[in-house]
Amino acid sequence: MARPKILVVGSSNTDMIIKLDRIPQPGETILGGEFATAAGGKGANQAVAAARAGGDVTLIARVGRDMFGEKAVAGFVQDAIHVQHVTRDPAAPSGVALIFVAKDGENSIAVAGGANGRLSPADVKKAKGSIAGAKAVVMQLETPLKTVQTAAKLAARAEVPVILNPAPAQKLPGELLKLVSILTPNETEAELLTGIAVTNEKSAARAADALLAQGVETVIITLGARGAYVAAASTRELVPGFRVKPVDTTAAGDVFNGALAVALGEGRPLLEAVRFANAAAAISVTRLGAQPSAPVRKEIETLLASPGAFPPALSPVDRRAGTEPDVQTISSGGPELSLQTTDGGKPKKPLGAIIR
Ligand code: ADP
């Protein structure tokens, strides 16, 4: 199968990670940490995740003219990402993130965006041809909103689906939401966008409905270890996550988005694509770092085909007695994944029917 063309617009950072027993409180010093650097930034993470998952990826980004930027670009090239639209900014340093990772996998992150803040609508317009030729455009919110909006408009005009991961959380103009084919907030982001606290499947459904009402075609709320709640015109499903031992959850959402874009770009039905993304993201949380943690295609396929992948990882949230059949179940293994849902086995809609 030809690798689907995926266009990612977004940030590139160098992550400086300290792994320690727990995350320090304000004013507190904790000794005994272990230090590492890793390539990160949501845009770059999603690009790398998509490339490793099987995408033919082009990245639109800005880095500084410094050693961090050089290293980042070298990393993209190593992952066979097209870098002709990665600009070396003459005036701003490369983006940097300082990350604490606690023993239990929780993290705390501070970002100095640098050149990412100067990714402009003009940068995106220069890549108009690449946008129009893509199977999907993937974006997040670590670069200026007006740049994201410009890319969304160009994509919509070319009828290319836009996957927007609204992270870090911020309010979004309705005008942008109407251009989004798939919105992928986590629980916190979903709450910020809707005012509905997402704590279980029921509240995820309410938040998703509120977002659909704002003009988004498909909403996928990622729920950490529990998987992802999917809502579209004819679909309401919790796609369960995979049971893994978390080491570092940094970039789980990024890996999810990158892998999702590839699976959809390959023409997989929505729920199958979400399961593929859950598998990729689950593997990523078993490893330290952002880009280093993104799995390659074979690893994702191995997890999807492994008998240990069934039954679903954790009990879906808020599952009340008697409602179990409403929850998606997954048929036994084999490379050809099939999802059995309780919608009477209706054929799944192809990508084009779900997203523009
Ligand atoms: P974010 O990283 O943006 O906060 P989530 O925490 O919701 O997003 O995680 C994104 C996806 O990563 C989830 O939908 C799930 O597929 C996967 N994931 C996250 N944490 C775990 C975990 N502990 N075990 C298995 N999968 C996980």
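Scroll up to find the structure.
What you see is a predicted model, and the numbers here were worked out from it, not measured in a lab. Residue positions are given per chain, counting from 1 as you read along its sequence in written order. Given that this is a predicted model, residues contribute local features only at a pLDDT of at least 70 and side-chain atom pairs are listed and counted only at 80 or more, while totals for whole chains, interfaces and linings are drawn from all residues.

(A) Fine view of the sheet that holds strand β8 (residues 136–139). Here the rule is simple: two strands pair whenever DSSP picks up at least two bridges between them. What counts as a helix is a DSSP run of H or I of at least four residues, what counts as a strand is a run of E of at least two, and both are numbered from the N terminus. With respect to topology, nine strands assemble into an open sheet ordered β5-β4-β1-β8-β9-β10-β11-β12-β13, the strand pairing being mixed. At either margin of the open sheet sits one strand with a lone partner, and together these are β5 (86–89) and β13 (235–240). In this sheet, β5 lies alongside strand β4 (residues 56–64) in parallel orientation, the contact comprising four bridges. Residue pairing for β5: arginine 62 is matched across the bridge by threonine 87. What counts as a contact here is a pair of residues whose C-beta atoms, placed from the backbone, lie within 7 Å. Between N-to-C directions, angles cover 0 to 180 degrees, with each direction set by a line fitted to C-alpha atoms, over the stretch in contact for helices. Packing of helix α2 (residues 67–78) onto the sheet brings it into contact with β4 and β5, and relative to β4 it is tilted by some 175 degrees. Against the sheet, helix α9 (residues 252–265) engages β1 (5–9), β8, β9 (162–164) and β11 (218–222), with an angle of about 175 degrees to β8.

(B) Just the environment of threonine 235, in detail. Its place among the elements puts threonine 235 in strand β13. Accessibility expressed as a C-beta count within 10 Å gives 19 for threonine 235, which makes it partly exposed. Among residues more than four places away in sequence, those in contact with threonine 235 are Val230 and Leu270. Remark: C-beta atoms are placed from the backbone, and a residue is labelled buried if 20 or more other C-beta atoms sit within 10 Å of its own, exposed if 12 or fewer do, or partly exposed between those counts.

(C) The sheet that holds strand β3 (residues 34–40), seen in detail. Read from one edge to the other, the open sheet built from four strands follows the order β3-β2-β6-β7, with strand pairing classed as mixed. At either margin of the open sheet sits one strand with a lone partner, and together these are β3 and β7 (107–112). Strand after strand, the sheet turns through a mean of 20 degrees between neighbouring axes, direction not considered. Alignment of strand β2 (residues 13–20) against β3, held across seven bridges, turns out to be antiparallel. Across the sheet, residue methionine 16 finds its bridge partner in β3, namely threonine 37.

(D) Quick peek at the packing of α9 against helix α10 (residues 270–284). Following both chains from N to C, one finds α9 and α10 inclined at 145 degrees, their axes separated by 8 Å at the closest point. Remark: the crossing between α9 and α10 carries right-handed chirality. Of the residues in α10, those in contact with Ala252, Val255, Phe256, Ala259, Leu260, Ala263 and Leu264 of α9 are Glu272, Ala273, Val274, Phe276, Ala277, Ala280, Ala281 and Ser284. Here the term charged refers only to Asp, Glu, Lys and Arg, the term nonpolar to Ala, Val, Leu, Ile, Met, Phe, Trp, Tyr, Cys and Pro, and the term polar to all other amino acids, Gly among them. Of the residues belonging to the contact of α9 with α10, the class tally is 13 nonpolar, one polar and one charged. Left-handed is the label given to a crossing in which the near helix is rotated counterclockwise from the far helix by less than a right angle, and right-handed is the label when the rotation is clockwise.

(E) Geometry of the environment of proline 240. Counting through the fold element by element, proline 240 comes out in strand β13. Of the residues examined, proline 240 has 25 C-beta atoms within 10 Å and is grouped as buried. Sequence separation between proline 240 and arginine 226 is 14 residues, and the spatial gap between their C-alpha atoms is 5.6 Å.

(F) How the structure looks around the nonpolar core. Counting 101 residues, the largest nonpolar core has Ala50, Val137, Ile221, Ala259 and Ala280 as its most contacted members. Examining the composition of this core, we find that eleven residues originate from one element, α10, more than from any other. Residues in contact with alanine 259, not counting those within four places in the same chain, are Ala49, Ala50, Ala53, Phe276, Ala277, Ala280 and Ile300. Only buried Ala, Val, Leu, Ile, Met, Phe, Trp, Tyr and Cys residues enter a nonpolar core, and they are joined through C-beta atoms within 7 Å.

(G) Region of the structure containing the environment of alanine 122. The residue alanine 122 is located in helix α3 (residues 121–126) in this model. Here alanine 122 falls in the exposed class, since 10 other C-beta atoms lie within 10 Å of it. Between the C-alpha atoms of alanine 122 and threonine 147, which are 25 residues apart in sequence, the distance is 8.1 Å.

(H) Broad picture of the site of the ligand. Neighbouring the ligand are 20 residues; Thr222, Ala225, Ala252, Gly253 and Ala281 lie closest to it. For the shell around the ligand, the secondary-structure elements that each account for two or more residues are β12 (227–232), α9 and α10. Of the residues that constitute the shell around the ligand, the class distribution is twelve nonpolar, eight polar and no charged. The criterion for a residue being near a molecule or strand is a backbone-placed C-beta atom within 6 Å of that molecule or strand.

(I) Just the pairing of β12, in detail. Of all six residues making up β12, six are buried, and the element is well covered by its neighbours. Both β11 and β12 contribute to a ladder of five bridges, which runs antiparallel. Bridging from a neighbouring strand, isoleucine 221 pairs with tyrosine 229 of β12. From the end of β11 to the start of β12, which pair antiparallel, there are four residues, and glycine 224 there has a positive phi angle of about 55 degrees. One ladder, built from six bridges, connects β12 with β13; its direction is antiparallel. Residue pairing in the sheet places glycine 227 in a bridge with proline 240 of β13. Linkage of β12 to β13, two consecutive antiparallel strands, is achieved through a turn of two residues.

(J) Representation of unusual backbone geometry in the model. With an omega of -5 degrees, the peptide bond running from alanine 167 to proline 168 counts as cis. Looking at the element boundaries, proline 168 is found in the loop between β9 and α6 (174–177). Of note, the phi angle at alanine 80 is positive, near 60 degrees, even though the residue is not glycine. By the element assignment, alanine 80 lies in the loop between α2 and β5. Unlike most non-glycine residues, alanine 251 shows phi in positive territory, near 75 degrees.

(K) Layout of helix α7 (residues 187–194). Among all positions in α7, only Glu187, Glu189, Ala190, Leu193 and Thr194 are buried. Axial view of α7: buried residues confined to an arc of 165 degrees, hence all on one face. In the core, the buried residues of α7 are packed alongside α8 (201–213) and β11. A positive phi of about 80 degrees marks glycine 195, the residue just after α7. Read the arc as the range of directions from the helix axis to the C-beta atoms.

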